[in-house]
Amino acid sequence: MLFVSASRPQIKALPHALRPSAAPVLIKRPFTGNRQASLSVAVSAGYNMLTAKQKEQFEADGTLRWGHFSSLGNSKLSPVSPYTETVGYLVLENFTPVAQLAEMRRQAVALVADFDPETISVFSTKNQTKTSNDYFSESANNVSFFFEENAFNEEGQLRQPKALSINKMGHAMHDLDPVFVRWSRSAQVAELLQDLGYKKPTPVQSMYIFKQPNIGGEVVPHQDSTFLYTDPLSVIGFWMALEDSTKENGCLWSLPGSHKAGVRRKMTVKDGKTTFDPPTPEEFDLEQFTPLEMKAGSMVILHGNNIHFSKENTSSKSRHAYSVHYVEGTEDHSWPEGNWLHRRSDFPFKPLTQGTTVA
């Protein structure tokens, strides 16, 4: 199954291309392996091409859903000129098999169990100074662990077991842990990125996000291109639900079309000092965002300039997810020094395809 979400005011809007600065493309190749769906049905289509049932659902909740390609016949889909607006995200249902989801969750449990916290690092999107320390910076080269803001009591002791206190782990899982390497560098992922126009797709950051029950922290509205950027821009995020992601347990919310305004804020790290331009984060009307509720195994592709957030998880259910950010690794794309994330010289970025890495 595959679906594309769009806001109701943009009823004529379906994604053409997600990659920053890319011209509209039509994804033609179907998934390989056990995937039976074809992405070609999702990239360019008009409202008038929908069935009556699809139109009824779209009018009700702003969501378009397609089944397998075979159910739509063999008609060739091409860009429809009146429907050129884009939303900046694309949700693919059943992207990852159930067995692989279970393997990734088991590996996360094992990694946390082996983690002996000599250094306490708390992850916060509200106070960036908490994440701008040496432990955080070195996570570019490691699988590092970050606690929830509300994990500790006034005496500095954990309120609950360690396994229920970790906010996330990252940021080099895609290169260091075999289980997560297998997903991040799969032929399925590589083919999808190539179909999106990437010549040397290169993973630069990966995270396992726990969104713990009762204390899972809020992630404020932001763009991934604020924190990770090439010159020219090329970052794209793959966010995969390892458990059902709902409004109850803190699903993602996206602002449709927000990527078209460019990067609104930029973080720069120089000599250990973190600065933002502009200094104060922008305020948004959260009523304009669309919830991206997904079943386990579904994945959302996020344009680097798309504005998205997640609310606190105050429910009794966790919301595990795995996220990888990719960039273009060709010689005409550089990795500016202002990025917070830098690899050691003996541990460079490695593209999914053979060739040069990001400079």
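For the structure, check the block above.
These notes cover the structure that comes with them. Predicted model, so just to flag it, every value in this text is computed and none were measured.

### Concerning the overall build of the chain
Broken down by element type, the chain carries 8 helices and 15 strands. The buried share of the chain, reckoned over its 359 residues, is 54%. Relative to all contacts within the chain whose residues are 6 or more apart in sequence, the contacts with residues 24 or more apart total 82%. Carbon and sulfur atoms make up 51% of the accessible area of the chain, which amounts to about 16,000 Å² in all.

### Notes on the environment of Phe238
Tracing the chain through its elements places Phe238 in strand S8 (residues 236–241). On the basis of relative accessible area, Phe238 is assigned to the buried category, the value being 0%. With 49 residues separating them along the chain, Phe238 and Val189 place their C-alpha atoms 9.2 Å apart. Excluding anything up to four places from it in sequence, Phe238 contacts Trp183, Val189, Leu192, Leu193, Leu196, Met299, Val300, Ile301, Tyr322, Ser323, Val324 and Tyr326.

### A short note on the nonpolar core
Ranked by internal contacts, the top residues of the largest apolar core, which has 38 residues, are Met169, Trp183, Phe238, Met299, Ile301 and Tyr326. Here this core gets 5 residues from one element, more than from any other, and that element is helix H3 (residues 98–114).

### Regarding the environment of Met207
Within the secondary structure, Met207 is located in strand S6 (residues 201–209). C-alpha of Met207 to C-alpha of Lys168: the two residues are 39 residues apart in sequence and 6.6 Å apart in space. If we ignore the near neighbours within four places in the chain, the residues touching Met207 are Lys168, Met169, Gly170, His171, Met173, Ala321, Tyr322, Ser323 and His325.

### Looking at the sheet that holds strand S7 (residues 219–222)
Read from one edge to the other, the open sheet built from 4 strands follows the order S7-S14-S9-S12, with strand pairing classed as antiparallel. Each edge of the open sheet is held by one strand with a lone partner, namely S7 and strand S12 (290–292). Between one strand axis and the next, the sheet turns through 25 degrees on average, direction left out of account.

### Some words on the packing of aromatic side chains
Under the definition given, this model contains 17 aromatic pairs. A ring pair is formed by Trp253 and Phe309, whose centres lie 6.0 Å apart and whose planes are at 20 degrees; its orientation type is stacked. Within this pair, whereas Trp253 is found in strand S9 (residues 252–254), its partner Phe309 is found in strand S14 (residues 308–310), the two being separated by 56 residues in sequence. Residue Trp253 shares its accessibility class with Phe309, and that shared class is buried. Just above the ring of Phe347 sits the side chain of Arg343; from NZ or CZ to the centre is 3.9 Å.

### Topic: the side chain of His333
By the secondary structure assignment, His333 is in the segment after strand S15 (321–328). We classify His333 as buried; its relative accessible area is 7%. A polar contact of 3.0 Å, which involves the side chain of His333, links it to the side chain of Asp332.

### Observations regarding the pairing of strand S4 (residues 143–147)
Remember that side chains alternate between the two faces of the sheet whenever the strand is regular. The buried fraction of S4 is high, at 4 of 5 residues. The pairing of S4 with strand S5 (residues 166–171) spans 5 bridges and is classified as antiparallel. The partner of Phe145 across the bridge, within S5, is Met169.

### Considering helix H7 (residues 187–195)
With respect to burial, H7 is a largely interior element, 7 of its 9 residues being buried. When we look at burial in H7, the residues that qualify are Gln188, Val189, Ala190, Glu191, Leu192, Leu193 and Asp195. Of the surrounding elements, those touching the buried residues of H7 are strand S3 (89–92), helix H6 (178–184), S6, S8, strand S13 (299–303) and S15.

### Examining the pairing of S6
Taken across its 9 residues, S6 has 9 buried, putting it largely inside the fold. Where S5 meets S6, 4 bridges bridge the pair, whose relative direction is antiparallel. Looking at S6, one finds that Gly170 is bridged to Met207. Strand direction decides the pairing type here: S6 and S15, joined by 8 bridges, are antiparallel. In the sheet register, Ile209 faces S15, and the bridge partner there is Ala321.

How each quantity is defined
Residues numbered from 1 in each chain as written. Predicted model: local features only at pLDDT ≥ 70, side-chain atom pairs only at ≥ 80, totals over all residues. Heavy atoms only, no water. Helix = DSSP H or I, 4+ residues; strand = E, 2+ residues; numbered from the N terminus. Buried < 20%, exposed > 50% of the residue type's maximum accessible area, 1.4 Å probe, protein only. Contact = heavy atoms within 4.5 Å. Areas by Shrake-Rupley, 256 points an atom, 1.4 Å probe, with all protein chains shown as cover. Core = buried A, V, L, I, M, F, W, Y, C linked by side-chain atoms within 4.5 Å. Pairing = 2+ DSSP bridges. Axes fitted to C-alpha atoms, helices over the stretch in contact; angles between N-to-C directions. Phe/Tyr/Trp six-rings, centres within 6.5 Å; stacked < 30°, edge-to-face > 60°. Lys NZ or Arg CZ within 6 Å of the ring centre and 35° of its normal. Polar contact = N/O pair within 3.5 Å; in protein donor to acceptor, adjacent residues only side chain to side chain.

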